[in-house]
Amino acid sequence: MDEPSRGPVRLVLFGAPGVGKGTQAQGLQKWFGAPHVSTGDMLRAAIREGTPLGKQARAVVERGELVPDALVSALVAERLAQPDVREGFILDGYPRTVRQADDLDAALKGRGSAVDVVVNLEVPPAEIVERLAGRRSCPACGAVYHVRLKPPKAADLCDACGGRLTQRLDDAPDVVQGRLRVYEAQTAPVLEHYRSRGLLVDVDGRGTPDEVAARIVEAVERRR
Ligand code: AMP
């Protein structure tokens with residue numbers, strides 16, 4: 001699956017933390033002819049680099065709470081103004097509140113475009129907790145692994161770039177419980193925003209990354 005399909009798509013990958021949005025977005029970029037845009041990755045980069053935004057966001061991200069809508073929406077609007085995402089993008093981790101969904105609609109409308117389809121990845125809560133507890137990532141290149149489901153070839157080292165893998169601070173078990181509560185309270189209501197506009201499609205997020213990718217492709221292609 002590495003040929004662009006039927007032209008770029010403006011896709012939102014939606015779902016609770018740990019359902020596989022980042023993994024799927026990375027793998028599907030070529031197929032959909034659309035770059036992966038992850039607000040979590042952008043915020044972590046800002047924190048690492050110590051930018052003013054990173055300084056504002058750091059404590060909030062580490063606690064597993066949401067960064068204020070205005071900050072995140074400004075970051076996304078700036079990213080969506082770049083030429084590589086004019087025809088298509090795969091948004092991961094945004095929008096996370098109804099306010100952000102409205103901001104996204106407005107930002108795209110200003111450029112004469114709109115979201116084409118929203119894929120809601122569904123994974124049972126017990127499996128989400130296991131996925132997050134075992135998740136490891138490469139701070140250098142962003143590649144994501146799992147100690148049991150997708151181990152690196154050499155323990156704790158990134159297959160792609162050799163970087164030392166780390167566990168995200170917000171994947172600690174007590175923070176994960178809080179993130180899942182934040183999802184239910186603030187993010188799940190976004191589903192209705194898209195369902196009422198006929199843009200939402202539910203996709204089973206269980207199984208191997210390839211199995212899930214095939215379901216996403218089928219669901220998106222059926223809708224356009
Ligand atoms: P993620 O990598 O998508 O799990 O995001 C990691 C963390 O970054 C979240 O727990 C939030 O603290 C912050 N974050 C990412 N995206 C957003 C967003 N759209 N709105 C608010 N905070 C966000």
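Engineer: How would you summarise helix H4 (residues 69-80) if you had to cite specific residues and measurements?
Structural biologist: In this model H4 runs 16 Å from its N-terminal to its C-terminal C-alpha over 12 residues, within 8% of the 16 Å that 1.5 Å per residue would give. The complete set of buried residues in H4 reads Val72, Ser73, Leu75, Val76, Arg79 and Leu80. Considered in projection along H4, the buried side chains sweep an arc of 155 degrees and stay on one side of the axis. Away from the buried face of H4 by more than 90 degrees, exposed residues Ala70 and Glu78 are located. As for H4, its buried residues are in contact with strand S2 (36-38), helix H2 (39-49), helix H3 (52-63), strand S3 (89-92) and helix H5 (98-109).

Engineer: How would you explain the packing of H2 against H4 if you had to name every residue and give the values?
Structural biologist: The description of two packed helices rests on the angle between their axes and on the distance between the axes. It is at 11 Å that the axes of H2 and H4 come closest, and there the two elements cross at 105 degrees. The pairing of H2 with H4 is recorded here as roughly perpendicular in orientation. For the pair H2 and H4, contact is made by Thr39, Met42 and Leu43 and by Val72, Leu75, Val76 and Arg79, respectively.

Engineer: An account of the nonpolar core is needed here, citing residue identities and associated values.
Structural biologist: Generally speaking, nonpolar side chains in soluble globular proteins are found buried as a group. Counting residues in hydrophobic clusters, the biggest one holds 58 residues, and the most contacted among them are Phe32, Leu104, Val119 and Ile216. Broken down by element, the residue count for this core peaks at six residues, all from helix H9 (residues 209-222). The next biggest cluster of nonpolar side chains, apart from the first, holds five residues, and it includes Cys138, Ala143, Tyr145 and Cys158.

Conventions we followed
- Residues numbered from 1 in each chain as written.
- Predicted model: local features only at pLDDT ≥ 70, side-chain atom pairs only at ≥ 80, totals over all residues.
- Heavy atoms only, no water.
- Helix = DSSP H or I, 4+ residues; strand = E, 2+ residues; numbered from the N terminus.
- Expected span 1.5 Å × (residues − 1).
- Buried < 20%, exposed > 50% of the residue type's maximum accessible area, 1.4 Å probe, protein only.
- Arc of directions from axis to C-beta.
- Contact = heavy atoms within 4.5 Å.
- Axes fitted to C-alpha atoms, helices over the stretch in contact; angles between N-to-C directions.
- Parallel < 35°, antiparallel > 145°, perpendicular 65-115°, else oblique.
- Core = buried A, V, L, I, M, F, W, Y, C linked by side-chain atoms within 4.5 Å.

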